[in-house]
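Take a look at the letters that make up each chain.
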Amino acid sequence: MSIHPYQNLPKKSFWSSAVAGCVTLVPEALYEKKWTIGKSEKIATAGSCFAQHIGRHMRKSGFQVLDMEPPPPLLAPEQQGRFGYSIYSARYGNIYTIRQLLQLAKEAFDEWTPGEVIWRDEKGSCYDALRPGIEPEGLGSENEVMVHREFHLQRVREMFETMDLFIFTLGLTEAWIHKQSGTVFPTAPGTIAGSHDPEKYEFKNFRFQEIIGDFEAFRSLILARRKNDNPLRILLTVSPVPLTATASGEHVLLATTYSKSVLRGVAGQVAMEYSDVDYFPSYEIITNPWSKTSFYEENMRSVTNVGVTEVMRTFFDAHQAGDDSASDVEPHRPLPQSPALATEAESPADDVICEEALLEAFGKPR
């Protein structure tokens, strides 16, 4: 028999052995890390709603996840997330697009000024338009919003200057922007606050090359401005959560497929190009075609506790090596033998704060 290039490849290279023959909820060797993440590294997290799970589990497992804007001592623990505290490494709320991330970094380093910062609600309360979900009742004046924002930007700048590892979850390609300045908002005007004015705002669906360019600009900016002598590394994931709604005119299923495909392509491309960028397959774990159970709740959108746990098991399997402390996540479980054994996968995941989910409440399906 002639020699060919597939002859001596490992099991992970073949669908029949690596996927169809898989006996655990997550296939073996799905993720092979580029580098080890140490417990002493300063880790910053950001991204879309699904990224909230990553930071929470990493803190529980003893990793040093930065919290640059800790909650006030008198704020009850059950209220902290509602006001944007301890969800991510700073109080920026969900960052759904790379353009939004780039603009935050440029503003923190005084290289860009947003075209619109203040939104009001029907009662006249003022909101930071670039993170409207962090003050549920708004603030009393525009000046108060700006004082809060200036403090926030100082803390974000320090985070970017000192972090060793940045974990970012890409969530969406779709966004609403301020026409005149190009300022990207995390949610559509009129949902949490503000009001939609087609003369001022427009829908934007970012393309592959735009997102690649934004990521490279972000990486270059942070590398140029950091004050940490340790090398910076970036770990990218893609959120497996489908779009709640789309303004693209496409069917929401097609819009979701476009968005996630582009983001996955971007993550793969930059991970191949840069040795300091790695990709972790949380998207593939949750949306997998091999599992005999679903990692989604009945709404086919929210990820179950079992799904989140399997994502974190895979992560800690790779990044606990050589560390004496063990993760609080148990080893991978075998595939259920029948749907009746998979009921735990239907339990709701820990609550996450997600502005995008509000779009359904404001929508009027016809």
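Rules and cut-offs
Residues numbered from 1 in each chain as written. Predicted model: local features only at pLDDT ≥ 70, side-chain atom pairs only at ≥ 80, totals over all residues. Heavy atoms only, no water. Helix = DSSP H or I, 4+ residues; strand = E, 2+ residues; numbered from the N terminus. Polar contact = N/O pair within 3.5 Å; in protein donor to acceptor, adjacent residues only side chain to side chain. Contact = heavy atoms within 4.5 Å. Axes fitted to C-alpha atoms, helices over the stretch in contact; angles between N-to-C directions. Parallel < 35°, antiparallel > 145°, perpendicular 65-115°, else oblique. Left-handed = near helix turned anticlockwise from the far one by under 90°. pLDDT = per-residue confidence, 0-100. Phe/Tyr/Trp six-rings, centres within 6.5 Å; stacked < 30°, edge-to-face > 60°. Lys NZ or Arg CZ within 6 Å of the ring centre and 35° of its normal. Buried < 20%, exposed > 50% of the residue type's maximum accessible area, 1.4 Å probe, protein only. 1 Å grid on protein atoms, 1.4 Å probe; cavity = no way out; pocket = protein on both sides within 12 Å on 5 of 7 lines; lining within 4 Å. Points joined across faces, edges and corners; volume = space filled by probe spheres on them. Nonpolar A, V, L, I, M, F, W, Y, C, P; charged D, E, K, R; others polar. Salt bridge = Lys/Arg side-chain N within 4 Å of Asp/Glu carboxyl O. Pairing = 2+ DSSP bridges.

(A) Structural context of the side chain of Ser-89. Here Ser-89 shows up in the loop between helix H3 (77-80) and helix H4 (98-108). There is a polar contact of 3.0 Å between the side chain of Ser-89 and the backbone nitrogen of Thr-45. Among the polar contacts listed, one links the side chain of Ser-89 to the backbone oxygen of Leu-66, at a separation of 2.9 Å. Ignoring anything within four residues of it in the chain, the contact list for Ser-89 reads Ile-43, Ala-44, Thr-45, Val-65, Leu-66, Asp-67, Met-68, Glu-69 and Met-159.

(B) Just the packing of helix H6 (residues 208-225) against helix H7 (residues 252-273), in detail. Packing of H6 against H7 brings their axes to within 10 Å, and their N-to-C directions diverge by 45 degrees. Considering the angle they form, H6 stands oblique to H7. Regarding H6 and H7, the two cross each other, and that crossing is right-handed. In this structure, H6 uses Phe-208, Ile-211, Ile-212, Phe-215 and Glu-216 to contact H7, whose residues at the interface are Tyr-258, Val-262, Leu-263, Gly-265, Val-266, Gln-269, Val-270 and Glu-273.

(C) Unusual backbone geometry, seen in detail. Of note in the backbone geometry, Ala-29 takes a positive phi value of approximately 60 degrees without being a glycine. Not every positive phi belongs to a glycine, and Asp-110 is a case in point at roughly 60 degrees. Position of Asp-110 relative to the elements: it lies in the loop between H4 and strand S2 (118-120).

(D) Broad picture of the confidence of the model for the protein. On average, residues of the protein carry a pLDDT of 87, and 87% of them reach 70 or more. Low pLDDT, under 50, characterises residues 321-327; the stretch is placed with eight contacts to residues that sit more than four places away or in other chains. Per-residue pLDDT stays below 50 along residues 335-349; that stretch engages in 32 contacts with residues further than four places along the chain or on separate chains.

(E) Looking closely at the packing of aromatic side chains. Under the definition given, this model contains 14 aromatic pairs. Within the aromatic cluster, the residues linked to one another by ring pairs are Tyr-31, Phe-63, Phe-280, Phe-315 and Phe-316. Sitting over the face of the ring of Phe-63, Lys-39 holds its NZ or CZ atom 5.0 Å from the ring centroid. Sitting above the plane of the Tyr-279 ring, Arg-264 keeps its charged end 3.9 Å from the centroid.

(F) Seen up close, the side chain of Lys-39. Relative to the helices and strands, Lys-39 resides in the loop between helix H1 (15-20) and strand S1 (43-47). A polar contact is formed between the side chain of Lys-39 and the backbone oxygen of Ser-61, at a distance of 2.9 Å.

(G) Fine view of H4. Here H4 lies mainly inside the structure; nine of its eleven residues are buried. Turning to H4, its buried residues number three or more, namely Ile-98, Gln-100, Leu-101, Leu-102, Gln-103, Leu-104, Ala-105, Glu-107 and Ala-108.

(H) How the structure looks around empty space enclosed by the protein. Within the structure shown, the criterion is met by four cavities of 30 Å³ or more. Lining the largest cavity, in full, are Tyr-92, Ile-95, Gln-100, Gln-103, Leu-104, Glu-107, Trp-112, Leu-130, Arg-131, Arg-149, His-152 and Val-184. Listed by contribution, the elements that provide at least two residues to the lining of the largest cavity are H4 and helix H5 (142-162). Broken down by element, the lining of the largest cavity gets its largest block of residues, four residues, from H4. Across the lining of the largest cavity, the residue classes break down as six nonpolar, three polar and three charged.

(I) Summary view of the pattern of salt bridges. This model, assessed by the stated rule, comprises 17 salt bridges. Here Arg-91 ties to Glu-135 by a salt bridge, and the two come within 2.7 Å at their closest N and O atoms. Of this pair, Arg-91 sits in the loop between H3 and H4 while Glu-135 sits in the loop between strand S3 (126-128) and H5, and the two are 44 residues apart along the sequence. The pair formed by Arg-91 and Glu-135 is uniform in burial state, with each residue classed as buried. Taking the shortest distance from any N to any O, the salt bridge between Lys-227 and Glu-161 comes out at 3.8 Å. Linking Lys-227 in the loop between H6 and strand S8 (233-238) with Glu-161 in helix H5, this pair joins segments that are 66 residues apart in sequence. Counted as one network, the salt bridges with shared partners bring together Glu-107, Asp-128, Arg-131 and Arg-149.

(J) Representation of the sheet that holds strand S5 (residues 174-178) in the model. Across the sheet, three strands lie side by side as S6-S5-S7; this open sheet has antiparallel pairing. With partners counted over all chains shown, the strands left at the sheet margins are strand S6 (184-185) and strand S7 (201-205), one partner each. Alignment of S5 against S7, held across five bridges, turns out to be antiparallel. Within S7, the position partnered with His-178 by the bridge is Tyr-201.

(K) Representation of the environment of Gln-209 within the structure. Within the fold, Gln-209 resides in helix H6. Through-space distance from the C-alpha of Gln-209 to that of Val-266 is 8.4 Å; in sequence the pair is 57 residues apart.

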